[in-house]
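Structural overview
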Amino acid sequence: MEFLKQVPSIRFMALRRYWYVISALVVAGSIALVIVRGLNLTVDFTGGLVLEVGFSQPVDLERVRSALDGGGIEDFQVRTYGTGSEIEVRLPPAETGVAADEAKRVLGALTPLASKVTLNRTESVGPQVSQQLGEQAAMAVLMTLLLVLIYIAMRFRWRFGVGSLVASLHDPIVAVGAIALLGIPFDLNVVAALLTILGYSVNDTVVIFDRIRERFKSMRKAEPAEVIDRAINETLARTIIVSGCALSSVIFLATLGGETLRGFAVALAIGIVIGTYSSIYVAGAIALDLGATARDFMPPEKRGDVDEMP
Amino acid sequence: MQRYPLWKGVLLTAIMVAAILLALPNWYGESPALQMSRRDRAAFDAATTAEISDALKAAAIPTDEVYVDSDNRLWARFASVDEQLKARDLIQAKYEGQYAIALTNASRAPDWLNSLGLEPMSLGLDLRGGMLLVYEVDTEGAVAQLLQRMERDFRKVLRDARIQYQEVAVSGNSVQVTLRDPSETAAARKVLLEYDRQLTFAPDSAPGSIAATLGEAAIKERQNFAIQQNITALENRVNALGVAETVVQRQGQNRIAVQVPGVQDASEVVRLLGKVATLEFRLVDTANSPMEAARTGRAPLGTKLYKQRDGSPVLLKRDVIATGEQLIDASFAPSQGEPAVSVKLDSRGGDEMLRTTRENLNRPMAVVFIEKERELVQRDGHEVALDRSKEEVISVASIRGVFSNNFQITGLSAVEGTELAKLLRAGALAAPIIIVEQRVIGPSVGKDNIEKGTRALAIAGIFLFAFMAMYYRIFGLIADIVLLTNVVLIVAMLALFNAALTLPGIAGIVLTVGTAVDANILIYERIREEIAIGASPWAAINAGFDKAFSAIADSNVTMMMSGIVLFLFGSGPVRGFAVTLCIGIVASMFTALIGSRALIYLFYGRRRRIERLAI
């Protein structure tokens, strides 16, 4: 079985100007969305107390609110979590030392609402921790970007390094925009997802760059755009299969993996689609427009694949 | 006919056998269990074990197994969480307070695996349920304590050298001394240096004034000491909970993370671990009226106003005789029917105590019990963290004799005495700690997470396997075997490194399996390309592997770098993800490049001629 019986000859690079515009618009839109709509930050980043309470039968949120009011709980937010019989109560940063006692008070206030009420999860994050978690996450992203840039520049010359860097910036930004649009709770798991997107995007880019490098060596007379198109077309079958496999796995995770994994999985799914696109139209195209030619891969000494075997 | 190098085959087989063995305990899984240890730390004898076993039987709670482990803990394994909870309630009711009971999981693996020391990989709190507490050590408080001690000791040193001073006071990171007679400055410096060689004096002080500053190194040393002492204290307290697989570790600059798996009463755990208790021994000031001080709210010079437990005021001298820091041991030892805590001090505290008791026989001495809490208070619309220490005089007793480093504190109830002794014994704290992060995951959530996560993983896997087999036929099947091997290797490595599997960790496995699929697809697409341009089967296979290598290596190296960065800079879930990502990448490189090729040789290698490849 083969999806593409013959290597297609789509002229990807001919259309790159249009895609630049679209990419720029999507990135701008994503940034605007994050600024205007904001991210649904969880306690990981805002600090505060979150309680997940399970009821033996679905409960009405209004009744939950009035029960909490009656119990003397202040400044709370309530939302249903998963099925209608689970709710999430969010409280502002309190004395973290007594979070457990606070949880008991909330549970006590909610007990009359159903025959069985259980406290499934309590998370309390102090302001000093939440700030640090955010800084750590940002630091991790920056360090990853830097390392990837250096590595790609080393392996493929700087034009490709810049191409993959722009793609690596492009993908998480668009993914964050999508997360803001969908209102997915932004927690540490989602940060892990964003970093995965980054990794996936770089992986995809590297595979295509690898083929571009090879084709530049073998098609020395051809136009750079032609060479890049050829490389993308030759790897297209692989790109479709791999993205398809990854996407299907992640969709299974999103639909069957439970509430805790959903945000993570949806972010990944978005990232896989964007990562696949960006490898072709952001990374490849930018390298081309920065003037990538066969000269980039004509090293002084002869280097073959054999030398690279372990 | 093509041969695969024998040594590679042997090595590969050896690695796989080891991996399967390491991963095997996970196949059997774990069952809910109770883990009990005796509060008096005595050993379980056969009779007690049988008694508990019978009690469970009598209550019609079926157990899979009841046994005592080498750490002298009794384990009872159950088929379901329901039975586990019932059993706990029963034992708790029947043997009130005799045992520390923890809900946990026990391996179902056969004995020969257990005896090899092989255990299932540990699960993160998000998968098994449990409690995470992150404490912040008040390192500034530790430094402040040190400065206070310097202040106190300076007074003593100067007094002993008969150098009169106007004032000795802490200001910032230094202790400021103002002498009565400026001509004695040099002499004062000399005796202070004799007291501590590491003191540095600020140069431009006015005549008769000396500022001894605490150096950067001294501050750092003090802070590290405070954290280490707290870690030891928390470890002791956590161990006292009697729960298996607890973790206490330093996290970053001044934090300590504590993980307590299983179901606990969260408030109780917080209370037991978090209470920052210390003692101060001070003399009672009998010259002034505490009532008067309480009324005006102003304590006379050199004294401090405290409240006793019944609320009545008491004036204590400012000089601290000894603190909890100098405490070596404390135990609850009722004497003559009255609850008492027997206290042992170190030699410095003992010396001070000896001097004080000798000079103040029959005068009252007080024990101040200090508990520190951090409260967030609204101030000008902002949340402000305020340290609130609850200082309470728990006992005022006459000094009945001259004693030094061994004495008793009375005036507590039995419960308070036991608790105080336990907390003090666990290690007197130098620096206060506060909780800055607290997460409690219920066991049902953990179970739900692992069930759904595994199911999603299994379905995604089946889908992927079916697709690969359909799309690449024999080679697809080979890839499937390789992918399965990949998962076994990941699990084995997690077990080997004792890394806990978390929910993001499962996602990390999904991702690396995806990368492994990519590696195989890259190779197979290459082989197809080579066949398309007319290469012979064996040439196509070899060229496929060789040419795909650079792409696989480059992409895996970049992924690995991201994984390492995540591990270094991330924490919690991000780190859990990074661990499986790194392990998974190693496994996927190994299986795709070596395992896959070996299987192809195994399948095609013996044939004299291959007409065409089933790819």
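**Some words on the overall build of chain A**
Looking only at helices and strands, chain A features ten helices and four strands. For chain A, the sequential pattern of α-helices and β-strands runs α-α-β-α-β-β-α-β-α-α-α-α-α-α. For a compact globule of 310 residues, the expected C-alpha radius of gyration is about 19 Å, and chain A comes in at 25 Å, more than 25% above that figure. Overall, the C-alpha framework of chain A stretches about 80 × 45 × 40 Å when taken along its three principal axes.

**Details of the overall build of chain B**
For chain B, the helix and strand inventory stands at 16 helices and 20 strands. Expected size for 615 residues packed as a compact globule is a radius of gyration near 25 Å; at 33 Å, chain B overshoots this value by more than 25%. Along the first, second and third principal axes, the C-alpha atoms of chain B reach 110 × 75 × 50 Å. For chain B, buried positions account for 44% of its 615 residues. Considering only contacts in chain B between residues 6 or more positions apart, those separated by 24 or more positions represent 71%.

**Examining the environment of Leu 599 of chain B**
Residue and element names in this part refer to chain B. Within the secondary structure layout, Leu 599 lies in helix 16 (residues 573–604). A tally of 22 C-beta atoms within 10 Å means that Leu 599 is categorised as buried. Distance from Leu 599 to Asn 542, taken between C-alpha atoms, is 13 Å for residues 57 residues apart in sequence. If sequence neighbours within four positions are ignored, Leu 599 has contacts with Ile 478, Ile 481 and Val 482.

**Overview of the domain arrangement of chain B**
We note that the domain assignment places domain 1 (6–25 + 442–604), domain 2 (30–108), domain 3 (139–217) and domain 4 (275–440) within chain B. The centre of domain 1 of chain B, based on its C-alpha atoms, is set 41 Å off from the matching centre of domain 2 of chain B.

**Thoughts on the interface of chain B and chain A**
Facing the 68 residues of chain B at the interface are 64 residues of chain A. For the side of chain B that touches chain A, the elements supplying multiple residues, two or more each, are strand 5 (130–137), helix 9 (266–274), strand 17 (364–379), strand 20 (433–441), helix 13 (443–496), helix 14 (503–532), helix 15 (537–569) and helix 16 of chain B. Across the side of chain B that touches chain A, the residue classes tally to 37 nonpolar, 16 polar and 15 charged. Sheet topology note: the strand 4 (residues 117–125) of chain A/strand 20 of chain B ladder contains five bridges and is antiparallel. Within strand 20 of chain B, the residue paired with Val 125 of chain A across the bridge is Glu 437 of chain B.

**Considering the sheet that holds strand 9 (residues 209–213) of chain B**
Residues and elements named next belong to chain B. Strand order in this open sheet of four strands is 6-7-9-8, and the pairing throughout is antiparallel. Lying at the two open borders of the sheet, with one neighbouring strand each, are strand 6 (165–171) and strand 8 (200–201). Across five bridges, strand 7 (residues 174–179) lies against strand 9 in antiparallel orientation. Pairing of Ser 174 across the sheet is with Thr 213, part of strand 9. Sheet contacts for helix 6 (residues 139–160): strand 6, strand 7 and strand 9; angle to strand 6, the most-contacted strand, approximately 165°. Running over the sheet, helix 7 (residues 185–195) touches strand 7, strand 8 and strand 9 and is turned about 25° from strand 9.

**Remarks on the sheet that holds strand 1 (residues 30–38) of chain B**
All names here are of chain B. In space, the four strands of this open sheet follow the order 2-3-1-4, with antiparallel pairing throughout. Two strands close off the open sheet at either side, each with one partner strand: strand 2 (65–68) and strand 4 (99–107). Between one strand axis and the next, the sheet turns by 25° as a mean value, whatever way the strands run.

**What to know about unusual backbone geometry**
Unlike most non-glycine residues, Asp 75 of chain A shows phi in positive territory, near 55°. Along the chain, the position of Asp 75 of chain A falls in the loop between helix 3 (61–70) and strand 2 (77–80). Of note, the phi angle at Arg 473 of chain B is positive, near 45°, even though the residue is not glycine. Take Arg 473 of chain B: it is sitting in helix 13. Taking the C-beta count within 10 Å as the criterion, Arg 473 of chain B has 14 such neighbours and is therefore assigned partly exposed.

**A closer look at the pairing of strand 2 of chain B**
Residues and elements named next belong to chain B. With four bridges joining them, strand 2 and strand 3 (residues 74–77) adopt antiparallel strand pairing. In the strand pairing of strand 3, Val 66 is matched with Ala 76. As consecutive antiparallel partners, strand 2 and strand 3 are separated by five residues, and within that stretch Asn 72 has a phi angle of approximately 65°, a positive value.

**Here's the deal with the nonpolar core**
One broad trend across soluble globular proteins is that nonpolar side chains are buried collectively. Ala 175, Leu 194 and Ala 267 of chain A are the most contacted members of the largest nonpolar core, which has 203 residues in total. Dropping the residues within four chain positions of it, Leu 194 of chain A is found in contact with Pro 172, Ala 175, Val 176 and Ala 267 of chain A.

**Structural notes on the pairing of strand 1 (residues 48–55) of chain A**
All names here are of chain A. Burial runs high along strand 1: eight of the eight residues are buried. Judged by which residues are buried, strand 1 turns out to be covered on both faces: Gly 48, Val 50, Glu 52 and Gly 54 on one side and Leu 49, Leu 51, Val 53 and Phe 55 on the other are all buried. In the sheet, strand 1 pairs with strand 4 via eight bridges, with the strands oriented antiparallel. By the bridge assignment for strand 4, Leu 51 is matched with Thr 122. Two elements, strand 1 and strand 3 (residues 86–91), share six bridges in a ladder whose sense is antiparallel. Across the sheet, Glu 52 pairs through a bridge with Glu 88, a residue of strand 3.

**As for helix 9 (residues 236–256) of chain A**
Given 3.6 residues per helical turn, the α-helix brings residues three or four places apart onto the same face. Here helix 9 of chain A spans 30 Å end to end across 21 residues, near enough to the 30 Å set by a 1.5 Å rise per residue. Positive backbone phi, approximately 90°, marks Gly 258 of chain A, located one or two places after helix 9 of chain A.

**Quick look at the packing of helix 5 (residues 127–156) of chain A against helix 6 (residues 158–182) of chain A**
Any two packed helices are characterised by how steeply their axes cross, that is the angle between the axes, and by the distance between the axes. Residue and element names in this part refer to chain A. One way to put it is that helix 5 packs onto helix 6 with a least axis distance of 7 Å and a crossing angle of 150°. As judged from the angle between their axes, helix 5 and helix 6 are roughly antiparallel. The crossing of helix 5 and helix 6 is right-handed. Along its contact with helix 5, which presents Leu 145, Val 148, Leu 149, Ile 152, Ala 153 and Phe 156, the element helix 6 presents Trp 158, Phe 160, Gly 161, Ser 164, Leu 165 and Ser 168. Residues of the contact of helix 5 with helix 6, tallied by class, amount to nine nonpolar, three polar and no charged.

**Observations concerning the packing of helix 6 of chain B against helix 7 of chain B**
Residues and elements named next belong to chain B. Relative orientation of the contacting elements helix 6 and helix 7 amounts to 125°, with a least axis distance of 10 Å. When the interaxial angle is binned, helix 6 and helix 7 end up oblique. Helix 6 and helix 7 meet at a crossing whose hand is right-handed. Together, Asp 153, Phe 154, Val 157 and Leu 158 of helix 6 and Ala 188, Val 191, Leu 192 and Tyr 195 of helix 7 make up the contact between the two elements.

Cut-off values and rules
Residues numbered from 1 in each chain as written. Chains lettered and ligands numbered in written order. Predicted model: local features only at pLDDT ≥ 70, side-chain atom pairs only at ≥ 80, totals over all residues. Helix = DSSP H or I, 4+ residues; strand = E, 2+ residues; numbered from the N terminus. Rg over C-alpha atoms; globule rule 2.2 N^0.38 Å. Buried ≥ 20, exposed ≤ 12 C-beta atoms within 10 Å, placed from the backbone. Contact = placed C-beta atoms within 7 Å. Domains from an automatic or database assignment. Nonpolar A, V, L, I, M, F, W, Y, C, P; charged D, E, K, R; others polar. Pairing = 2+ DSSP bridges. Axes fitted to C-alpha atoms, helices over the stretch in contact; angles between N-to-C directions. Core = buried A, V, L, I, M, F, W, Y, C linked by C-beta atoms within 7 Å. Expected span 1.5 Å × (residues − 1). Parallel < 35°, antiparallel > 145°, perpendicular 65-115°, else oblique. Left-handed = near helix turned anticlockwise from the far one by under 90°.

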